[in-house]
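Below, each chain spelled out in residue letters.
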Amino acid sequence: MSNLHARKRVTVGLGDRAYDIHVGARLLQDAGALLKPLARGTVPVVTDSHVAGLYLEPLLAALARNGIDARPIVMAPGEGSKSFAGLESLTGQLLDLGIDRGGLIVALGGGVIGDLTGFAAGVLKRGVAFAQIPTTLLAQVDSSVGGKTAINARQGKNLIGLFHQPRIVIADTELLSTLPRRELLAGYAEVVKYGALGDADFFNWLEAHGAAALAGDEAAIVEAVSHSCRMKADIVARDERESGERALLNLGHTFGHALEAATGFSDRLIHGEGVAIGMALAFRLSVALGLCPGQDAERFTRHLRATGLPSAIADIPGPRPGPEELIGHMTHDKKVSEGRLTFVLLKGLGQAFVTRDVPVAALKDVLTG
Ligand code: NAD
Ligand code: GLY
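Residues numbered from 1 in each chain as written. Chains lettered and ligands numbered in written order. Predicted model: local features only at pLDDT ≥ 70, side-chain atom pairs only at ≥ 80, totals over all residues. Heavy atoms only, no water.

(A) Looking closely at the overall build of the chain. A tally of regular secondary structure across the chain gives 13 helices and 13 strands. The C-alpha radius of gyration of the chain comes to 20 Å, within 12% of the 21 Å expected for a compact globule of 369 residues. In the chain, buried positions account for 57% of the 369 residues. Pairs at least 24 residues apart make up 73% of the contacts formed inside the chain by residues separated by at least 6 positions. Here the chain has roughly 14,800 Å² of accessible surface; of this, 52% comes from carbon and sulfur atoms. Between the mean site of the 37 positive side-chain charges and the mean site of the 39 negative ones, the chain shows a separation of 3 Å. (Helix = DSSP H or I, 4+ residues; strand = E, 2+ residues; numbered from the N terminus. Rg over C-alpha atoms; globule rule 2.2 N^0.38 Å. Buried < 20%, exposed > 50% of the residue type's maximum accessible area, 1.4 Å probe, protein only. Contact = heavy atoms within 4.5 Å. Areas by Shrake-Rupley, 256 points an atom, 1.4 Å probe, with all protein chains shown as cover. Lys, Arg positive; Asp, Glu negative; His and termini not counted. Charge placed at Lys NZ, Arg CZ, Asp CG, Glu CD.)

Written out as structure tokens, the structure is:
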């Protein structure tokens, strides 16, 4: 394998289900060598038509160089594929290829392809191994790691799912060069999340180097992605099933999901943008409750703004969702337990904690202000 480019490896320590996350530029060309030890027989490569046009041929060539008999399955791009119809289509195509329990399925794409393929792999023949080759920044730092897989239901997003860990993650940071700027920034919100929730030094580093990472500086983007993956890997290793600490990864998500729902999961607000605004609101609520210094919240919001991310409900184009409507959406979220809303709040930058004790009046103020 080539050593010319910055490369990092992070292990998700889950005992006999431990796996490595490889992060680096031009890793796609080494995918054959990395997947060869896991491949058995025909290897389906699941992708979407956008990603297929960009990266399917180079991946198939890399697999062929290592004697892997790969067969592409191309799904429609977009959230619509994370559905029962998408699952039926994908599992049908996987069965037609004769995939058996000893096989390996490869997901090449963003979080939609990773979540759908992981779920299909988890239920097909009671569980087939799969590999993640994430192609969006969001997928490289979040959705490809940790084994949460799902499709959407009429009642809400990600409601039909299971934990199924991948056997390997290969994050080629060079693939991010073709990502639309808006998608790149949305993924960056999840990077900033790691600094905010548990690592103030990483947040300092992002203030200094985040712009370079977003501009494609190789060392900076490899560091940003691998550090994010290391933080997630460590949390997942300690709390795989989200009985405690893993919930910190939902920083900004109670607010963010409500905003996505109120804007109809439309182009007005994509997931990472909702998370960015949601994190800024979590800081503001923490300040309002006297838990967090105001200067930390201001610093956090300043960094979002400096990178071009939204940080307030008023930044969403179109009619502003009201507090009652947003609280209504929050109560339908997965993160409601025994009728009480769960929030991740902050004692400061890098110091998140989970609470279910948020007075509704303070919540309304933050959603109104
Ligand atoms: P996505 O998969 O829809 O990708 C966004 C768009 O970018 C798509 O049109 C895709 O075709 C295109 N694309 C992908 N890679 C590209 C590239 N390199 N160059 C150009 N275009 C490219 O969206 P996403 O933001 O990656 O993922 C969102 C999904 O992830 C949601 O369904 C969300 O629920 C899920 N998610 C899951 C987890 C988890 O832990 N499993 C965590 C966060 C989000
Ligand atoms: N994206 C949150 C988690 O994986 O737990």
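Still more to cover.
(B) Expanded view of helix H12 (residues 323-331). Residues of H12 that are buried include every one of Leu 326, Ile 327 and Met 330, and no others. Buried residues along H12 cover an arc of 100° about the axis, so they all sit on one side. (Arc of directions from axis to C-beta.)

(C) Expanded view of the pattern of salt bridges. Tallied over the full model, the rule gives 19 salt bridges. Note that Glu 79 and Lys 82 form a salt bridge whose closest N and O atoms lie 3.8 Å from each other. Look at Lys 82 and you get buried, because its relative accessible area is 4%. As a salt-bridge pair, Lys 193 and Glu 190 come within 2.9 Å of each other at their nearest N and O atoms. With Lys 193 and Glu 190 both in helix H6 (residues 181-198) and 3 residues apart, the pair spans about one turn of that helix. For the pair Lys 193 and Glu 190, a shared accessibility class is recorded, and that class is buried. (Salt bridge = Lys/Arg side-chain N within 4 Å of Asp/Glu carboxyl O.)

(D) Molecular detail of the pairing of strand E1 (residues 7-12). As judged from the 6 bridges shared by E1 and strand E2 (residues 19-24), these two strands associate in the antiparallel manner. When the bridges of E2 are listed, Lys 8 appears paired with Val 23. Adjacent in sequence and paired antiparallel, E1 and E2 are bridged by 6 residues, among which Gly 15 carries a positive phi angle near 60°. (Pairing = 2+ DSSP bridges.)

(E) Just the sheet that holds strand E4 (residues 70-75), in detail. Taken together, the 7 strands give an open sheet; going across it, the order is E1-E2-E9-E6-E5-E3-E4, and neighbouring strands pair in mixed fashion. Each having just a single partner strand, E1 and E4 make up the two edges of the open sheet. On average, each strand axis in the sheet is tilted by 20° relative to the strand beside it, whichever way the strands run. Helix H3 (residues 84-96) contacts strand E3 (43-48), E4 and strand E5 (104-109) of the sheet and is inclined by roughly 165° relative to E4. Contacts from helix H8 (residues 218-238) reach E1 and E2, with the element oriented near 10° to E1. (Axes fitted to C-alpha atoms, helices over the stretch in contact; angles between N-to-C directions.)

(F) Fine view of the environment of Leu 56. In this fold, Leu 56 is placed in helix H2 (residues 49-65). Separated by 96 residues in sequence, Leu 56 and Asn 152 place their C-alpha atoms 26 Å apart. Filtering out sequence-adjacent residues up to four positions away, Leu 56 remains in contact with Val 45, Thr 47, Val 51, Pro 72, Val 74 and Leu 108.

(G) A look at helix H13 (residues 360-368). The complete set of buried residues in H13 reads Ala 362, Leu 363, Val 366 and Leu 367. The buried residues of H13 occupy one face: seen down the axis, they fall within an arc of 135°. For H13, the exposed residues set more than 90 degrees away from the buried face come down to Ala 361 and Asp 365. Buried positions along H13 lie against helix H9 (253-262), helix H10 (271-288), H12, strand E11 (340-341) and strand E12 (343-348).

(H) View of the side chain of Thr 91. Among the structural elements, Thr 91 can be located in helix H3. A distance of 3.3 Å separates the side chain of Thr 91 from the backbone oxygen of Glu 88, its partner in a polar contact. For Thr 91, the contacting residues outside a window of four places in its chain are Ala 120 and Leu 124. (Polar contact = N/O pair within 3.5 Å; in protein donor to acceptor, adjacent residues only side chain to side chain.)

(I) Molecular detail of the confidence of the model for the chain. Per-residue confidence for the chain gives a mean pLDDT of 95; residues scoring 70 or more make up 97%. Within the chain, strand E9 (residues 168-172) carries the highest mean pLDDT (99), whereas strand E10 (residues 336-337) carries the lowest (58). (pLDDT = per-residue confidence, 0-100.)

(J) Spotlight on the site of ligand 2. Close contacts around ligand 2 come from Asp 142, Lys 148, Lys 232, Glu 242, Arg 246 and Leu 249, and that covers them all. Take Lys 148: an N or O atom from its side chain is 2.9 Å from an oxygen atom of ligand 2. The side chain of Arg 246 places a nitrogen or oxygen atom 2.7 Å from an oxygen atom of ligand 2. In the complex, 88% of the free accessible area of ligand 2, which totals 200 Å², lies under the protein chains. Looking at the shell around ligand 2, its residues break down into 1 nonpolar, no polar and 5 charged. (Near = heavy atom within 4 Å. Nonpolar A, V, L, I, M, F, W, Y, C, P; charged D, E, K, R; others polar.)

(K) The site of ligand 1, seen in detail. The local shell around ligand 1 holds 25 residues, among which Asp 48, Gly 111, Thr 135, Thr 136 and Thr 178 are the closest. The separation between an oxygen atom of ligand 1 and a polar side-chain atom of Asn 158 is 3.2 Å. For ligand 1, a nitrogen atom lies 2.9 Å from a polar atom in the backbone of Leu 175. Burial of ligand 1 by the protein amounts to 88% of the accessible area it has alone, namely 870 Å².

(L) Highlighting the environment of Ile 151. Within the secondary structure, Ile 151 sits in strand E7 (residues 148-153). Residue Ile 151 is classed as buried on the basis of its relative accessible area of 0%. Along the backbone, Ile 151 and Gly 80 are 71 residues apart, and their C-alpha atoms lie at a distance of 9.4 Å. The contacts of Ile 151, once residues within four sequence positions are left out, are Lys 82, Ser 83, Phe 84, Leu 87, Leu 116, Phe 119, Asn 158, Leu 159 and Ile 160.

(M) Region of the structure containing the packing of helix H7 (residues 200-214) against helix H11 (residues 294-307). Where H7 meets H11, the closest approach of the two axes is 11 Å, and the angle between their N-to-C directions is 5°. Taken as axis vectors, H7 and H11 run roughly parallel relative to one another. Every residue of H11 that contacts H7 at Phe 203, Asn 204, Leu 206, Glu 207 and Leu 214 is listed here: Arg 299, Phe 300, His 303 and Thr 307. (Parallel < 35°, antiparallel > 145°, perpendicular 65-115°, else oblique.)

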